[in-house]
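These are the residues of each chain, in order.
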Amino acid sequence: MNRATSGQATESRTAQWFAILAPPLAWAAQQQLSYQWVPSACSTGATGWLHIVHAVALVIALAAGAVAWRERSRQPAPEPPAPARHQFTTLFGLFTSGLFSLVIVAQWLPLGFFGPC
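The paragraphs below set out a description of the structure included in this document. Predicted model only: the values in this text are computed from it and were never measured. (Residues numbered from 1 in each chain as written. Predicted model: local features only at pLDDT ≥ 70, side-chain atom pairs only at ≥ 80, totals over all residues. Heavy atoms only, no water.)

### A word on the layout of surface pockets
Remark: the empty space left among the atoms is shown by a probe the size of a water molecule rolled over them.
Thought 1: Its boundaries defined by the atoms lining it, the second largest pocket holds a volume of some 270 Å³.
Thought 2: Around the second largest pocket, the lining residues are Q30, Q31, S34, Y35, V38, L50, H54, Q107, P110, L111, G115 and P116.
Thought 3: Breaking the lining of the second largest pocket down by element, the ones donating at least two residues are α1 (3–44), α2 (48–73) and α3 (81–113).
Thought 4: Top contributing element to the lining of the second largest pocket by residue count: α1, with 5 residues.
Thought 5: Taken together, the residues of the lining of the second largest pocket sort by class into 6 nonpolar, 6 polar and no charged. (1 Å grid on protein atoms, 1.4 Å probe; cavity = no way out; pocket = protein on both sides within 12 Å on 5 of 7 lines; lining within 4 Å. Points joined across faces, edges and corners; volume = space filled by probe spheres on them. Helix = DSSP H or I, 4+ residues; strand = E, 2+ residues; numbered from the N terminus. Nonpolar A, V, L, I, M, F, W, Y, C, P; charged D, E, K, R; others polar.)

### As for the pattern of salt bridges
Thought 1: Following the criterion strictly, the structure yields 1 salt bridge and no others.
Thought 2: As a salt-bridge pair, E71 and R70 come within 3.2 Å of each other at their nearest N and O atoms. (Salt bridge = Lys/Arg side-chain N within 4 Å of Asp/Glu carboxyl O.)

### A look at the environment of G115
Thought 1: Relative to the helices and strands, G115 is located in the segment after α3.
Thought 2: A relative accessible area of 31% means that G115 is categorised as partly exposed.
Thought 3: In sequence terms G115 and V38 are 77 residues apart; their C-alpha atoms lie 9.9 Å from each other. (Buried < 20%, exposed > 50% of the residue type's maximum accessible area, 1.4 Å probe, protein only.)

### Brief notes about the nonpolar core
General note: in soluble globular proteins, nonpolar side chains tend to be found buried as a group.
Thought 1: Of all hydrophobic cores here, the largest spans 5 residues; its members are A26, A57, L58, A61 and I104.
Thought 2: No other element matches the 3 residues that α2 contributes to this core.
Thought 3: Setting aside residues no more than four positions away along its own chain, L58 makes contact with S101, I104, V105 and W108. (Core = buried A, V, L, I, M, F, W, Y, C linked by side-chain atoms within 4.5 Å. Contact = heavy atoms within 4.5 Å.)

### Describing the packing of aromatic side chains
Thought 1: Per the stated rule, a full pass over the model turns up 3 aromatic pairs.
Thought 2: Judged by centre distance (5.9 Å) and plane angle (45 degrees), the rings of W27 and F100 are tilted. Linking W27 in helix α1 with F100 in helix α3, this pair joins segments that are 73 residues apart in sequence.
Thought 3: By relative accessible area, W27 is classed as partly exposed at 24%.
Thought 4: Counting every residue linked through ring pairs, the aromatic cluster contains F88, F92 and F95. (Phe/Tyr/Trp six-rings, centres within 6.5 Å; stacked < 30°, edge-to-face > 60°.)

All we've got here are geometric facts, nothing functional implied.
The structure is reproduced here in structure tokens:
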């Protein structure tokens, strides 16, 4: 494997790990920040920050899905374990992106209908 191929493989692995780990981390951060900011949002009446937190988390989760989709369309390295690993990680990245995007939206909906206070 030459340097150019090695650099592309490292970049691809990093993108695959981003696609797998970013959605659950965005969801966890969104949930923690929402719970942390509810008392101040209720006392000041400014609930817009809570919507921004949910929107940013959703954008991160969907961006991870886009990265997984882009990586899925790339051709993996021709070594024997690479195609199977590549296919699994990109498919799992798409799955986690979709799942956590739905969870983020599901947690965002009550904020719009009922409010945090």
